[in-house]
Amino acid sequence: MSDRALRLWQIWPSKSKFFLDGRLITGPERGGFWGTNVLILFPALLFFFTEAALLWVRVSPWLVAIGIYSLPFNLVVLFLVGHTDPGIVPRRRPADFDYRRPGASSATDRVEVKRNIVIDGQTLALKYCATCEVFRLPRTAHCVTCDNCVEHFDHHCPWVGNCVARRNYRYFLWFLTATTFNTGYLFVTAAWSLYLVYLEAGDVLPRDALMFAVAGMPGSVLLLLYTFFIVWTVGGLMCYHWYLALIGQTTNQQIKRTGLIGNPFSRGLLTNCAYQCCFPWTPLISWRSAVSVSLPAAADLERGDERDALVPEGDEGDSWPTARAVLWVWWSRRHMDLQNFGPWHIF
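Predicted model, so just to flag it, every value in this text is computed and none were measured.

Caption draft 1: Highlighting the nonpolar core. Counting 23 residues, the largest nonpolar core has Leu78, Val160, Tyr169, Phe172, Phe175 and Leu176 as the members making the most contacts within it. Those elements that provide at least two residues to this core are helix 2 (31-50), helix 4 (61-83), helix 5 (169-199) and helix 7 (218-247). If we skip the residues at most four places from it in the chain, Tyr169 touches Asp154, Val164, His241, Leu244, Ala245 and Gln276. Counting residues in hydrophobic clusters, the runner-up holds 16 residues, among them Phe47, Leu55, Leu196 and Ala213.

Printed below as a string of structure tokens:
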């Protein structure tokens, strides 16, 4: 046996990626996040190289300063929504889960105990997740992209590369608002720059003056067309999500149409908004918590008792994390073919 000290994020059995020793969490795909950065930086750099000097001199330095300060904020909130734990739910075996039926011959022949809770006079059934082995609270869903159950799940956004849920939804709202503001600002400044060059054409026909402005500021024309498309798409998405925040719903909840009478989760418009934007959220999992494990030696593996050898030190059995289960999945993913691997193989 060889002892090895690990942190929880190193053995977490999902598709999420961790950085800076578990301080940053993101989804498995990274292309969307970097592509969104490019889509934000491209019009901003085009503005600074083609229009900023003209507006600084002809209008006001403060107009250019708005773009200087709004761009970093937009990139920061994008980074936060893409690298914050969205509210991943711990994995465990419920205490009231009857793992085998009486007289069952196979561990896969099992029964799940159903649970119901009452919210605002309405009875809601809690669904059981066979992957995470938990009863999901209302509005908690399993993200197939990240392979995690996420609390207050809204959707998985490929543009930020992460789930959007309870702990990073406010950053998502700020990101949509900042992006809409930036694109609207760039649209206005592009039109303003073209108008200033249009006035410089002098006493000519309006058509000739327009062609003079287009020829003199081609970057502004490109920026005008680019931001016109972005401001409507992102702006519409921003309005939709602020609407959801005000009424206390999620995208996943609206799409599935659960058949509830009204919305039992609403606290009123202002309270819902404050709940989403100002309420502090503590992570459900301490990702940097140390887990002391004993990995199987080569002699143990040759005898075929690797499952008995892989026992963490100090595992109390019914507390999270259930280290035996998590470590077995972690070790199996590195040494076994998991095509037919299921949660019933753990115990």
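Caption draft 2: Up close: a nonpolar patch on the surface. Nonpolar side chains collect at one region of the surface, where Trp56, Val57, Ile68 and Tyr69 lie side by side and expose about 500 Å² of accessible area between them. Looking at the nonpolar patch, the elements with two or more residues in it are helix 3 (52-58) and helix 4. Position of Ile68 among the secondary structure elements: in helix 4.

Caption draft 3: Spatial organisation of the side chain of His155. Note that His155 resides in strand 9 (residues 155-157). Judged by its relative accessible area of 19%, His155 falls in the buried class. Among the polar contacts made by the side chain of His155, one reaches the side chain of Asp154 at a distance of 2.5 Å. Setting aside chain neighbours within four positions, we find His155 in contact with Cys163, Val164, Phe172, His241 and Thr251.

Caption draft 4: Region of the structure containing the packing of aromatic side chains. Applying the stated rule across the entire model yields 12 aromatic pairs. A centroid spacing of 5.1 Å and a plane angle of 70° characterise the contact between Phe33 and Trp34, whose relative ring orientation is edge-to-face. For the pair Phe42 and Tyr226, a centre-to-centre distance of 5.4 Å together with 70° between the ring planes defines the contact as edge-to-face. Here Phe42 is found in helix 2, whereas its partner Tyr226 is found in helix 7, with 184 residues between them in sequence. Note on Phe42: relative accessible area 37%, which makes it partly exposed. Assessed through its relative accessible area of 19%, Tyr226 is described here as buried. An aromatic cluster is built from Trp9, Trp12, Phe18 and Trp287, whose rings are joined through pairwise contacts.

Rules used in this analysis
- Residues numbered from 1 in each chain as written.
- Predicted model: local features only at pLDDT ≥ 70, side-chain atom pairs only at ≥ 80, totals over all residues.
- Heavy atoms only, no water.
- Core = buried A, V, L, I, M, F, W, Y, C linked by side-chain atoms within 4.5 Å.
- Buried < 20%, exposed > 50% of the residue type's maximum accessible area, 1.4 Å probe, protein only.
- Helix = DSSP H or I, 4+ residues; strand = E, 2+ residues; numbered from the N terminus.
- Contact = heavy atoms within 4.5 Å.
- Patch = residues over 30% accessible without salt bridge, like charges linked within 9 Å, V, L, I, M, F, W, Y side chains within 5 Å.
- Areas by Shrake-Rupley, 256 points an atom, 1.4 Å probe, with all protein chains shown as cover.
- Salt bridge = Lys/Arg side-chain N within 4 Å of Asp/Glu carboxyl O.
- Polar contact = N/O pair within 3.5 Å; in protein donor to acceptor, adjacent residues only side chain to side chain.
- Phe/Tyr/Trp six-rings, centres within 6.5 Å; stacked < 30°, edge-to-face > 60°.

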